[in-house]
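# Working through the structure, step by step
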There are 2 protein chains.
Amino acid sequence: MVSRAREGDARSVARLISLVEDASPLLREVAAALAPHTGRARVLGLTGPPGVGKSTTTTALVRAFRRAGQRVGVLAVDPSSPFSGGALLGDRVRMQDHAGDSGVYIRSMASRGHLGGLAWATPQAMRVLDAAGCDVVLVETVGVGQSELEVASLADTTLVLLAPGMGDGIQAAKAGILEVADVFVVNKADRDGADTTVRDLRAMLSLGGRHTEAGAWRPPIVKTVASRDTDNGVDDVLARLAEHGEWLDSSGEGRRRRVERAAREVEAIAVAGLRERMGDVSGSAALGALAEQVVAGETDPYRAADQLIAHL
Amino acid sequence: MVSRAREGDARSVARLISLVEDASPLLREVAAALAPHTGRARVLGLTGPPGVGKSTTTTALVRAFRRAGQRVGVLAVDPSSPFSGGALLGDRVRMQDHAGDSGVYIRSMASRGHLGGLAWATPQAMRVLDAAGCDVVLVETVGVGQSELEVASLADTTLVLLAPGMGDGIQAAKAGILEVADVFVVNKADRDGADTTVRDLRAMLSLGGRHTEAGAWRPPIVKTVASRDTDNGVDDVLARLAEHGEWLDSSGEGRRRRVERAAREVEAIAVAGLRERMGDVSGSAALGALAEQVVAGETDPYRAADQLIAHL
C-alpha cells in the first residue's frame with residue numbers, strides 16, 4: 001500500500017490516512033515503511049478566526065501551487081468537532097474544484113473525540129502525504145483557541161488569515177496570532193476597512209517586539225481577494241512563502257522546527273503508549289481498587305497515581 | 001488553608017483553586033489534606049449549545065438551591081479558551097447576583113492552553129469545593145464538541161440545555177447530547193417552537209433505545225424560562241434532579257459513576273506525571289537525538305517512542 005501511495009495512487013493515500021485516524025495496529029509497520037521517504041514536503045499551516053475565508057483561500061493557494069507544478073496535499077482539521085460527517089461533506093464539495101487532478105489530495109480530519117487528537121493524528125497524516133510525494137502539505141484548521149497555536153507547532157510556515165471589519169476579533173485573538181504568524185493574509189481586501197486592518201496589524205506587530213532582533217523574520221502582510229473564482233494577491237502570498245522558505249533554510253530555523261515537531265510527535269506517541277498500558281492496568285483490578293480508595297477518602301488522587309505508575 | 005476553606009472562608013477556597021489551576025508543587029499536600037473531607041457534594045454538569053441561556057439558568061438554579069438551604073459551588077469552564085480574562089469578567093458580573101451570600105462560590109476556569117485542561121484541573125477544583133462544604137457543585141461548560149461529553153464524565157447528573165428554534169443545532173449535536181443527558185431542560189420555553197422542540201426531543205429519545213431496559217433512567221424533559229429575574233420551571237428541574245439522585249443511589253449507578261470519575265482523575269494525574277518525566281528526558285539529550293533521527297528518516301516515530309519510554 002505504501003509503494004502504491006508513493007506512485008500517487010489516491011486510494012492508497014486515503015487508506016493509509018484512515019489507518020492513522022483509526023489508530024490501526026498496522027500503524028507501526030506503516031510508519032516504518034514511510035520513514036525513509038519522508039522529510040521532503042513543505043508543511044504550511046493556515047489558520048484564522050471563523051469567517052475570514054480559510055477554505056476559499058486554501059483552494060486558491062492549491063490552484064496557485066498547481067500552476068507552479070507542485071503536488072499539494074491538504075489536511076482540513078476541525079479539532080472542535082468529534083464528528084466527521086460535516087467535514088466529509090465539505091470535502092466532497094471541495095474535491096469537485098480539483099476533480100480529475102491527481103496532483104491534489106484533500107482530506108478532512110475530525111478529532112473523533114480524542115483529546116490530543118490533532119497532536120496525534122495530524123503529523124502522521126502529514127507523513128503519509130509527504131511520502132506520497134506531495135511538495136506542499138497544507139494544514140488548514142478551524143481557528144478556535146488553542147488550535148491555532150497547535151497548527152503552528154506542526155508547520156514549517158504558518159499563514160494567519162484575517163479579514164476587514166473584525167478589529168475586535170483581532171484584539172481577542174492577538175496574543176496567540178501575533179506569536180504564531182509567519183505570514184499574515186488580509187483576505188476579502190476589496191471590502192471597506194481592509195487598509196485599517198492592515199494598519200492595526202502593523203501597529204500591533206511593531207508593539208510586539210519579537211521581530212526586532214537582527215536576522216529575525218518580520219512577518220509580511222499580504223492583501224488578497226480569494227474566492228472560488230478570484231485569486232487576487234495569491235501569487236504574492238506564494239512569493240512571501242518562498243522568501244520565508246529561504247529564510248528557514250538559511251537561518252537554521254527550518255531544521256530547528258522540524259526537529260521540534262518530530263520530538264513532539266515522538267512524545268505524543270509515547271504518552272499514548274503509556275496511557276494504553278495504563279488502560280491495561282485499569283482492565284486489571286489496580287486502577288479500580290485505587291479509585292475506590294479515592295472515593296472513600298482513604299487516599300488522594302496523587303498518591304493513587306504514584307501507585308498506578310508503580311504498577312507499570 | 002484547607003481548614004479555613006472548610007470553615008467556608010471564600011478567600012481560602014479561591015487560593016486553593018488557584019493552586020490547582022497553576023499546577024502548584026503544593027498540590028500533592030493539598031490533595032492529601034482534602035481527601036478525608038471529600039465525597040459529600042453532589043456534582044451537577046450543565047451543558048448545551050451556545051445561546052440557550054446556560055449562565056442565566058445556572059444563576060436561577062443557584063437561587064433555587066439557596067432557597068432550599070444548600071451551599072453551592074459553581075465552576076464555569078471554557079475549554080475552548082486558553083485565556084482567562086474574559087471568564088474573569090463574566091465572573092465578576094455574576095458574583096454580583098450573589099454578593100454577600102457566603103453560601104455561594106462561583107469560579108471561572110479557563111483551560112490555559114493545556115490540552116486536557118478540563119480533565120486535569122476541574123476534578124481537583126471540584127474536590128476543593130466538596131471539602132469546603134458545598135452540598136452541590138455545578139460545573140457549567142461552554143458546549144462545543146467534546147466539552148459536553150467531558151462535563152458528563154465529571155458529573156453525577158448531567159443537565160443538557162436546549163432552546164426553541166434550534167432544531168438544526170439539536171440535529172447536529174444529538175449524537176453527543178442524547179448519550180450524556182440525565183435531564184433535558186428546554187429553556188426560553190415562552191418562545192415560539194418550545195413544544196416542537198420538546199416533541200422532537202422526545203421522538204429522538206424514543207429512537208435512541210438506550211433507555212428502554214428495565215430499571216434504566218428515562219431522561220425527563222423540563223421546560224423553563226430562566227433569566228436574571230424569572231425562575232419559571234426551575235423548581236421542577238430541582239425535583240427531577242432529586243429523583244435522579246434517588247435513582248443514582250438505589251441503582252448503584254451513582255457509586256459506579258464516582259468510582260469511574262476517580263479512576264479517570266487518577267489516570268490523568270498519572271499521565272501528567274509521566275509526561276513530566278518525559279519532559280525531563282527531553283531536557284536530557286535523549287528526545288532531541290531521537291527527533292533528529294526521525295527527521296533524517298533513520299527511524300520512525302513509533303520506534304523512537306519505544307526508545308523514549310525505555311529511558312524512563
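Residues numbered from 1 in each chain as written. Chains lettered and ligands numbered in written order. Predicted model: local features only at pLDDT ≥ 70, side-chain atom pairs only at ≥ 80, totals over all residues. Heavy atoms only, no water.

Of the regular secondary structure elements, chain A holds 13 helices and 9 strands. Relative to its 312 residues, chain A shows a buried fraction of 54%. Of the contacts made within chain A by residues no fewer than 6 positions apart, 77% connect residues no fewer than 24 positions apart. Counting every atom, chain A has about 13400 Å² of accessible surface; 50% of that belongs to carbon and sulfur. (Helix = DSSP H or I, 4+ residues; strand = E, 2+ residues; numbered from the N terminus. Buried < 20%, exposed > 50% of the residue type's maximum accessible area, 1.4 Å probe, protein only. Contact = heavy atoms within 4.5 Å. Areas by Shrake-Rupley, 256 points an atom, 1.4 Å probe, with all protein chains shown as cover.)

Attention now goes to the packing of helix 12 (residues 285-295) of chain A against helix 13 (residues 301-311) of chain A. All names here are of chain A. The interhelical angle for the contact between helix 12 and helix 13, taken along N-to-C directions, is 165°, at an axis separation of 10 Å. Relative to helix 13, the element helix 12 is oriented roughly antiparallel. Along this stretch, helix 12 crosses helix 13, giving a crossing that reads as right-handed. Residues Ala286, Leu287, Leu290 and Val294 of helix 12 form the contact with helix 13, whose own contacting residues are Pro301, Ala304, Gln307, Leu308 and His311. Class assignment of the residues belonging to the contact of helix 12 with helix 13 gives a composition of 7 nonpolar, 2 polar and no charged. (Axes fitted to C-alpha atoms, helices over the stretch in contact; angles between N-to-C directions. Parallel < 35°, antiparallel > 145°, perpendicular 65-115°, else oblique. Left-handed = near helix turned anticlockwise from the far one by under 90°. Nonpolar A, V, L, I, M, F, W, Y, C, P; charged D, E, K, R; others polar.)

Now for the pairing of strand 6 (residues 183-186) of chain B. All names here are of chain B. Here strand 6 shows a buried face lined by Val183 and Val185 and a second buried face lined by Phe184 and Val186. Across 4 bridges, strand 5 (residues 157-162) lies against strand 6 in parallel orientation. Across the sheet, residue leucine 159 finds its bridge partner in strand 6, namely valine 183. As paired elements, strand 6 and strand 7 (residues 221-223) share 3 bridges and run parallel to each other. Across the sheet, residue valine 186 finds its bridge partner in strand 7, namely lysine 223. (Pairing = 2+ DSSP bridges.)

Within this structure, the stated rule accounts for 5 cavities of 30 Å³ or more. Looking at the largest cavity, its volume works out to about 230 Å³. Those elements giving two or more residues to the lining of the largest cavity turn out to be helix 6 (117-131) and helix 11 (253-283) of chain A together with helix 12 (285-295) of chain B. Partitioned by chemical class, the residues of the lining of the largest cavity number 8 nonpolar, 2 polar and 5 charged. (1 Å grid on protein atoms, 1.4 Å probe; cavity = no way out; pocket = protein on both sides within 12 Å on 5 of 7 lines; lining within 4 Å. Points joined across faces, edges and corners; volume = space filled by probe spheres on them.)

This part takes up the pattern of salt bridges. Across all of its chains, the model carries 35 salt bridges over all chains by this definition. The salt bridge involving A:Arg255 is made with B:Glu292; its shortest N-O contact spans 2.5 Å. Here B:Glu292 lies in helix 12 and A:Arg255 lies in helix 11, a pairing that spans two chains. In the salt-bridge network here, residues are joined through shared partners; they are A:Arg63, A:Arg67, A:Asp231 and A:Asp235. (Salt bridge = Lys/Arg side-chain N within 4 Å of Asp/Glu carboxyl O.)

All names here are of chain A. Looking at chain A as a whole, its pLDDT mean stands at 80, while 78% of the residues score no less than 70. Scored below 50 in pLDDT, residues 81-93 makes 18 contacts in the model with residues more than four places away or belonging to other chains. Below pLDDT 50 for its whole length, residues 112-116 participates in 13 contacts with residues either more than four positions away or in separate chains. (pLDDT = per-residue confidence, 0-100.)

Let us now look at helix 13 (residues 301-311) of chain B. Residues and elements named next belong to chain B. Those residues of helix 13 lying buried are Pro301, Tyr302, Ala304, Ala305, Leu308 and Ile309. Down the axis of helix 13, the smallest arc covering the buried residues is 155°, so these residues share one side. Its side-chain oxygen placed 2.9 Å from the backbone nitrogen of tyrosine 302, aspartate 300 serves as the N-cap of helix 13. (Arc of directions from axis to C-beta. Polar contact = N/O pair within 3.5 Å; in protein donor to acceptor, adjacent residues only side chain to side chain.)

Before going further, it helps to spend a moment on the pairing of strand 5 of chain B. All names here are of chain B. Among the 6 residues in strand 5, 6 count as buried, and that is most of the element. The two faces of strand 5 match: Thr157, Leu159 and Leu161 on one face and Thr158, Val160 and Leu162 on the other face are all buried. Relative to strand 5, strand 1 (residues 42-47) runs parallel, the two being bridged by 4 bridges. Its bridge partner lying in strand 5, threonine 47 is registered against valine 160.

It is worth spelling out helix 2 (residues 10-21) of chain B at this point. Over its 12 residues, helix 2 of chain B extends 16 Å from the first C-alpha to the last, a length consistent with the 16 Å expected when each residue adds 1.5 Å. B:Ala23 lies just past helix 2 of chain B and shows a positive phi near 50°. (Expected span 1.5 Å × (residues − 1).)

Relative to the assigned elements, A:Thr299 resides in the loop between helix 12 and helix 13. Sequence-distant contacts of A:Thr299, that is, excluding residues within four places in its chain, are made with A:Leu290, A:Gln293, A:Val294, A:Ala304 and B:Ala35.

Here we take up the packing of aromatic side chains. Residues and elements named next belong to chain A. The full count for this structure, using the stated rule, is 2 aromatic pairs over all chains. Ring geometry for tryptophan 217 and tryptophan 247: centres 5.9 Å apart, planes at 40°, overall tilted. In this pair, tryptophan 217 sits in the loop between helix 9 (194-208) and strand 7 (221-223) while tryptophan 247 sits in helix 10 (residues 234-251), placing the two residues 30 residues apart along the sequence. Using a relative accessible area of 14% as the deciding quantity, one classes tryptophan 217 as buried. (Phe/Tyr/Trp six-rings, centres within 6.5 Å; stacked < 30°, edge-to-face > 60°.)

Further remarks concern unusual backbone geometry. In this model, A:Lys188 sits at a positive phi of 55°, which is unusual for a non-glycine residue. Here A:Lys188 is to be found in the loop between strand 6 (183-186) and helix 9.

Residue and element names in this part refer to chain A. Contact geometry of helix 4 (residues 54-67) with helix 10 gives a least axis separation of 10 Å together with a crossing angle of 70°. Considering their axes alone, helix 4 and helix 10 lie roughly perpendicular with respect to each other. Both helix 4 and helix 10 take part in a crossing whose hand is right-handed. Counted together, Ala60, Leu61, Ala64, Phe65 and Arg67 of helix 4 and Val234, Asp235, Val237, Leu238 and Leu241 of helix 10 form the full contact between these two elements. When grouped by side-chain class, the residues that make up the contact of helix 4 with helix 10 number 8 nonpolar, no polar and 2 charged.

The next point concerns the environment of B:His244. Residue and element names in this part refer to chain B. Take histidine 244: it is sitting in helix 10 (residues 234-251). Once the C-alpha coordinates of histidine 244 and valine 183 are considered, the two residues, 61 residues apart in sequence, prove to be 8.3 Å apart. In this view, histidine 244 contacts Arg42, Asp156, Thr157, Asp182, Trp217 and Arg257; residues no more than four positions away in its chain are not counted.

Residues and elements named next belong to chain B. By secondary structure assignment, the location of alanine 194 is in helix 9 (residues 194-208). On the basis of relative accessible area, alanine 194 is assigned to the buried category, the value being 4%. Measuring from C-alpha to C-alpha, the distance between alanine 194 and threonine 224 comes to 9.9 Å, with 30 residues separating the pair along the chain. Excluding its chain neighbours within four sequence positions, the residues that come into contact with alanine 194 are Pro164, Val186 and Ala189.

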